[in-house]
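Structural overview
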Amino acid sequence: MDETRDQNAAPAGRPQGGIAARALAARGGPVAPPAADYLAGLNPEQRAAVETTEGPVLVLAGAGTGKTRVLTTRIAHILATRRAFPSQILAVTFTNKAAREMKTRIGHLVGGEVEGMPWLGTFHSIGVKILRRHAELVGLKSNFTILDTDDQIRLIKQLIQAENLDDKRWPARTFANLMDGWKNKGLTPDKIPEGDARAFAEGRGRTLYRAYQDRLVSLNAADFGDLLMHPIAIFRDHPDVLADYHRRFRYILVDEYQDTNVAQYLWLRLLAQHSPERAQNGQEGVNVCCVGDDDQSIYGWRGAEVDNILRFERDFPGATVIRLERNYRSTAHILGAAAGLISVNQDRLGKTLYTDLHDPEHEKVTVSAGWDSEEEARAIGEEIEQLQRKGAKLNDMAILVRASFQMREFEDRFVTLGLNYRVIGGPRFYERQEIRDALAYFRCVCQPADDLAFERIVNTPKRGLGDAAIRLLHDYARAKGLPLLAAAADLVGGDELKARPRAALAEVVRNFERWSGLLSTMRHTDLGEMILDESGYTEMWQADRSAEAPGRLENLKELIRSMDDYESLPGFLEHIALVMDTEQNAETDAVSIMTLHSAKGLEFETVFLPGWEEGLFPHQRSLDEGGRSGLEEERRLAYVGITRGKRRVKIWFVSNRRIHGMWQSTIPSRFLDELPEDHVDVLEPSTSYGGYGAGGMGGYGASRWDGNAFSTSSYGTPGWRRAQAAGGSGGYAGGRGRAIEYGEGGVSGSDARSRASATADKYIARDGAAGGSGRPDAAARAGPDRAGFAGRLSDPFSDNRSRGANQPPRKGGGLYSSARAGGPREIEGTLVAKSVADEPSRFSAGDRVFHIKFGTGTVAVVEGNKLTVDFDRAGQKRVLDGFVEPA
DNA sequence: GGGCTCCGCCTTTTT
DNA sequence: GGCGGAGCCC
């Protein structure tokens, strides 16, 4: 790399224009005019990133360093200095949200004329655009449909059945994921690794993939992966087409470059790389600018390759690398906490964020403990209300969770409190059943050959077209080589079908013919409404007396309303195939609830980060499947979470969480240990103190969280010490953590049902025993913080009474603590024994055992037929004794 | 052909 | 604990 152009060094200090101006001057182009308004307020690095328009540029932009600002200003700059027309700029983002935001921000900068930026969009939307122009080159027509996941699964299922494979043993969903992985890597059926091909469906993975692609062509359809795969194939096989795009795109910008997968990378490289032909013509390579942050790479599971960012300089020799490290968003404490955490990762380019926001008044990042997820939600709800009373806006607060199931608890709580909230990225509008059904009708009208859509609604609402009739239709269509709707039109003229289904099908055919005929004359919103009414679909939901029906009708109305924003029915369908989200109105003041993934790129004054527990965050599956890199990705996710906060970051963890409807005792996340103490406060619980599951802390070597090292002041608060003490006195060997299942007698899901009655008994008994928890002495020996628990019992607002079956174990009186620690609550101990110990185990503590997945280990605890085993390599796990054998 | 019940799997993240 | 799918019965 050219040293003088490295990072902070060069362009910044030069007279304005820098490399860009020089490059232009060299070409005889106009030199950029003196600093325009839009450049004001940029720091030197940002300005360099904006003004270095020529040649490849990599901007390593840390969290909150003004990345979007740089990108948008850069585009504005290119436009303002007339280096290119809007249509000559390709700007790619990852999400629709980012694309939208960029559009509006450029609009503000250049004065509202971004309508002319036709090539600003997501990888997928731009992929569609390209594919529509050259569809015939890959065997499609330009009006091809884009399959949603639903269609895709149904189609794969048909193929699996056609191969006479057991679709239970080889689930369509699994294959869809597999194929998605291949497409993310840019692999066509003949390119997939032999091992992959063999692993699925008795070695027929490749055959299936091929059959699937063939089927898509015959359906004139493309799936999401194809929106990248097809353009790549077109560029590769048709140099003339590629050359055309090379001429067109003078500037390429890519946002979130760290999240690009191999396919996107290939796509981009084809478009952006300096080609010999261009060099001969004396043209420069395309001016490509990629912006990203390796520390925020959180989509590895989806095929993203951080490697892309790491090898940028190799791919684009002579690249300028600019680091944005000055953070404008967060306080020094927040940055410090985030920096400490992320520094544990080994695979990183390394950036050091700094800020001018130093103020002794600033709060440290807080860590709070709760007893269970319900308490977590309640306490966070209270904190939010407190902040609100002090004048804070709900819009400035967000709760960022690891997994979407965590959202529910907050929603429930906020509904009770009457606290406004909005869920972002939750169950999406266009993925709802009624919306998909309606869209299937519209698709059939616009595209009579859309068999997947037709299948979806042919008997919805019920028309008496059952399996028999549909199978006949399928066979007929296949025999004649016709789409289903056309086949149906044929079939109703004959007598193959019985009278009733024939009449029903005939009506369907007539309807679609009529609707299609109206497509060009009728207003599309009216037509949409008419289709839903005439098909009986609206009526179906009106007749439905279930609780959701009114909501569904409301959604359908909303769908029709939203069509108004589009020119035509096909135009609308195109939009929704790609943009599966609906804009959220920020009008009302509301707390945002979303996953950490969807929070990337956002910022809030106050950020709550609940659920920092091993197994949830870092997520067990990432650890199991991703190993160290999986863990590092989780850590980056934590980093993303912390760096969303501007003033306040509040982390929570609890001792008991319900996962799959079963209560599990949890241990604090290792990430908590990695937060630098100087920037963290461990809080006294604001409500009743939520201790730990007996003995459930640490587990990852010496940890502040298991009483070995809490000597510093921030971790020396009374609450903290108490937590330590409680953890240490749990009476459990080693104080190591593990996941213990509560609820259904602590059994695995499969036989939970058979225990329903035992569970009920147990809880009835436990309610009785709960009174005993109030006895200070008894409770004192049983588990953490009984004072808090006693306090709660006497709290008239406590909802203890209403606990039904499968509630979490109560504090200090948990099933686990009494059984484990041999606490004083005999009643519960007995009940536990009854519900858990159906069969005595063959093993006892100290035995060496072997498990097929976890390897060898030592039995730590035996509870009936369930063992807690310290595996030599896999750590501590709970297993049923049937799954291990003596080692 | 429709509706009911039971079973199994699931819940990481998304264009 | 909740949902979808399959199978059974009417």
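Residues numbered from 1 in each chain as written. Chains lettered and ligands numbered in written order. Predicted model: local features only at pLDDT ≥ 70, side-chain atom pairs only at ≥ 80, totals over all residues. Heavy atoms only, no water.

**Examining the overall build of chain A**
Basically, it comes down to this: Secondary structure is summarised from DSSP: a helix means a run of H or I of at least four residues, a strand means a run of E of at least two, and numbering begins at the N terminus for each. When a residue's accessible area, from a 1.4 Å probe over protein chains only, is under 20% of the maximum for its type it is buried; when over 50% it is exposed; and in between it is partly exposed. Should any heavy atoms of two residues lie within 4.5 Å, those residues are counted as being in contact. A 1.4 Å probe and the Shrake-Rupley method give the accessible areas. Residues count as covered only by the protein chains that appear here.
Along chain A, the regular secondary structure elements total 37 helices and 22 strands. Here chain A holds 887 residues, and the buried ones make up 55% of them. Contacts in chain A between residues far apart in sequence, at least 24 positions, make up 74% of those at least 6 positions apart. With an accessible surface of roughly 37,400 Å², chain A has 50% of that area assigned to carbon and sulfur atoms.

**Considerations on the UniProt feature "binding site: ATP" (unreviewed entry) in chain A**
To keep things clear, this is the line we draw: UniProt positions are given in the numbering used here, feature names are shortened, and annotations may be inferred rather than shown by experiment.
UniProt records the feature "binding site: ATP" (unreviewed entry) for Ala 61, Gly 62, Ala 63, Gly 64, Thr 65, Gly 66, Lys 67 and Thr 68 in the present numbering. Note that Ala 63 resides in the loop between strand E1 (57-61) and helix H4 (67-80). In this fold, Thr 68 is placed in helix H4. Among the residues examined, Thr 68 registers a relative accessible area of 22% and is labelled partly exposed. Setting aside residues no more than four positions away along its own chain, Thr 68 makes contact with Glu 101 and Arg 105.

**Digging into the pairing of strand E9 (residues 365-372)**
Note on strand geometry: in a regular strand, side chains alternate between the two faces of the sheet. This is how the line gets drawn: Here, a strand pair is defined by DSSP locating no fewer than two bridges between the strands.
Counting buried positions along E9 gives eight out of eight residues, so the element sits mostly inside the fold. Taken together, the six bridges between E9 and strand E14 (residues 645-659) define a ladder with parallel strand orientation. Directly across from Gly 370, in E14, lies its bridge partner Val 654.

**So, the environment of Trp 182**
Structurally, Trp 182 can be placed in helix H8 (residues 172-184). Given the relative accessible area of 1%, Trp 182 is considered buried. With 84 residues separating them in the primary sequence, Trp 182 and Leu 266 have C-alpha atoms 14 Å apart. Non-local contacts of Trp 182, meaning those with residues more than four positions away in its chain, are made with Phe 175, Leu 187, Ile 192, Asp 196, Gly 205 and Tyr 209.

**Quick word on the pairing of strand E8 (residues 320-324)**
Taken across its five residues, E8 has five buried, putting it largely inside the fold. Across five bridges, the pairing between E1 and E8 is parallel. Looking at E8, one finds that Ala 61 is bridged to Leu 324.

**Overview of the packing of helix H20 (residues 433-446) against helix H25 (residues 524-534)**
What counts, and what does not: To get an axis, fit a line to the C-alpha atoms, keeping to the stretch in contact for a helix; angles then go from 0 to 180 degrees between the N-to-C directions. Should an angle fall under 35 degrees it is taken as roughly parallel, and over 145 as roughly antiparallel, whereas 65 to 115 is taken as roughly perpendicular and any remaining angle as oblique. The hand of a helix crossing depends on one turn: near helix anticlockwise from the far one by less than a right angle means left-handed, and clockwise means right-handed.
In contact at an axis separation of 10 Å, H20 and H25 are set at 110 degrees when each is read in the N-to-C sense. When the axes of H20 and H25 are compared, the pair comes out roughly perpendicular. In the packing of H20 onto H25, the handedness of the crossing is right-handed. Of the residues in H25, those touching H20 at Ala 438, Tyr 441, Phe 442 and Val 445 are Gly 528, Ile 531 and Leu 532.

**Details of the nonpolar core**
Let me state the cut-off plainly: Working definition of a nonpolar core: buried Ala, Val, Leu, Ile, Met, Phe, Trp, Tyr and Cys residues. They are joined through side-chain atoms within 4.5 Å.
Leu 90, Phe 144, Ile 252, Trp 267 and Leu 271 are the most contacted members of the largest nonpolar core, which totals 47 residues. The biggest single contributor to this core is helix H13 (residues 262-272), with eight residues. If we skip the residues at most four places from it in the chain, Leu 90 touches Trp 119, Ile 126, Phe 249, Tyr 251, Ile 252, Leu 253, Trp 267 and Leu 271. Among the nonpolar cores identified, the runner-up in size contains 46 residues, and Tyr 441, Cys 444, Ala 469 and Phe 572 belong to it.

**Details of unusual backbone geometry**
The omega torsion across Thr 460 and Pro 461 is 0 degrees, close enough to zero to call that bond cis. Locating Pro 461 in the fold gives a position in the loop between helix H21 (451-457) and helix H22 (467-480). Geometrically, the link from Phe 617 to Pro 618 is a cis peptide bond, its omega value of 5 degrees lying close to zero. Mapped onto the elements of the fold, Pro 618 is located in the loop between strand E13 (604-609) and helix H30 (620-642). Of note, Arg 82 is a non-glycine position whose phi angle comes to about 55 degrees, a positive value. Within the element layout of this structure, Arg 82 appears in the loop between H4 and strand E2 (89-93). With relative accessibility at 75%, the residue Arg 82 sits in the exposed group.

**Section: the side chain of Thr 666**
What counts here: Throughout this description, a polar contact denotes any pair of N or O atoms lying within 3.5 Å of each other; where both atoms belong to protein, one of them has to be capable of donating a hydrogen while the other can accept it, and for residues adjacent in sequence the pair is counted only when both atoms sit in side chains.
Inspection of the secondary structure assignment puts Thr 666 in the loop between strand E15 (662-665) and helix H31 (670-673). There is a polar contact of 2.7 Å between the side chain of Thr 666 and the backbone oxygen of Val 654.

**Description of the sheet that holds strand E3 (residues 120-122)**
Across the sheet, which stays open at both edges, the six strands sit in the order E3-E2-E6-E7-E1-E8 with parallel pairing between neighbours. Among the strands making up the open sheet, the edge pair consists of E3 and E8. On average, adjacent strands in this sheet sit at an angle of 15 degrees to one another, irrespective of strand direction. Relative to the sheet, helix H5 (residues 96-110) contacts E2 and E3, its axis offset from that of E3 by approximately 165 degrees.

**Topic: the domain arrangement of chain A**
The following threshold applies: Each domain span listed reflects an automatic or database assignment of domains. Buried area is a sum: the accessible area each of two parts loses on coming together, probed at 1.4 Å, counted once for each and added.
In terms of domain boundaries, chain A breaks down into domain 1 (44-135 + 229-324), domain 2 (145-219), domain 3 (343-420 + 590-683), domain 4 (430-582) and domain 5 (847-886). Spacing between the C-alpha centres of domain 2 and domain 4 amounts to 26 Å. The interface is formed by eleven residues belonging to domain 2 together with eleven residues belonging to domain 4. Summed over both partners, the interface of domain 2 with domain 4 buries about 1,100 Å², with 46% contributed by carbon and sulfur atoms. Of all residues in domain 2, Thr 145, Ile 146 and Arg 154 bury the most surface against domain 4, accounting for 43% of the area lost on that side.

**Thoughts on the confidence of the model for chain A**
Just so we agree on the cut-off: Scored from 0 to 100, pLDDT records how confident the predictor is in each individual residue.
With 72% of its residues at a pLDDT of 70 or more, chain A has an overall mean of 73. When pLDDT is averaged over each helix and strand of chain A, the minimum, 24, is found for helix H35 (residues 786-794) and the maximum, 96, for E13. Counting contacts from residues 1-34, a segment whose pLDDT is below 50, to residues more than four positions away or on other chains yields 54 contacts. Per-residue pLDDT stays below 50 along residues 686-839; that stretch engages in 283 contacts with residues further than four places along the chain or on separate chains.

**Section: the pattern of salt bridges**
Applied cut-off: For this document, the term salt bridge refers to a Lys or Arg side-chain nitrogen within 4 Å of an Asp or Glu carboxyl oxygen.
Summed over the entire model, instances satisfying the criterion amount to 44 salt bridges. Here Lys 650 and Glu 383 are joined by a salt bridge, their closest N and O atoms 3.1 Å apart. With a gap of 267 residues between them, Lys 650 in strand E14 and Glu 383 in helix H18 (residues 373-389) connect regions that are remote in the sequence. Comparing Lys 650 with Glu 383 shows no difference in burial state: the two are buried.

**Observations regarding the packing of aromatic side chains**
Which entries qualify depends on this criterion: In this scheme Phe, Tyr and Trp rings, the latter by its six-membered ring, pair at centre separations within 6.5 Å, and the angle between planes marks the pair as stacked below 30 degrees, edge-to-face above 60, and tilted otherwise. In our convention, an over-ring charge means Lys NZ or Arg CZ found within 6 Å of a ring centre and within 35 degrees of that ring's normal.
The full count for this structure, using the stated rule, is 23 aromatic pairs. Each ring, one from Phe 94 and one from Phe 123, has its centre 5.6 Å from the other, and the planes form 75 degrees; the classification is edge-to-face. One end of the pair, Phe 94, is in the loop between E2 and H5; the other, Phe 123, is in helix H6 (residues 123-133), and 29 residues separate them in sequence. Under the relative-accessibility criterion, Phe 94 is labelled buried at 15%. Phe 123 sits in the buried class, given a relative accessible area of 1%. Grouping aromatic residues by their ring pairs yields a cluster made of Tyr 441, Phe 454, Phe 512, Trp 515, Tyr 537 and Trp 541. Residue placement shows Arg 302 over the ring face of Tyr 299; its charged tip is 4.4 Å from the ring centre.

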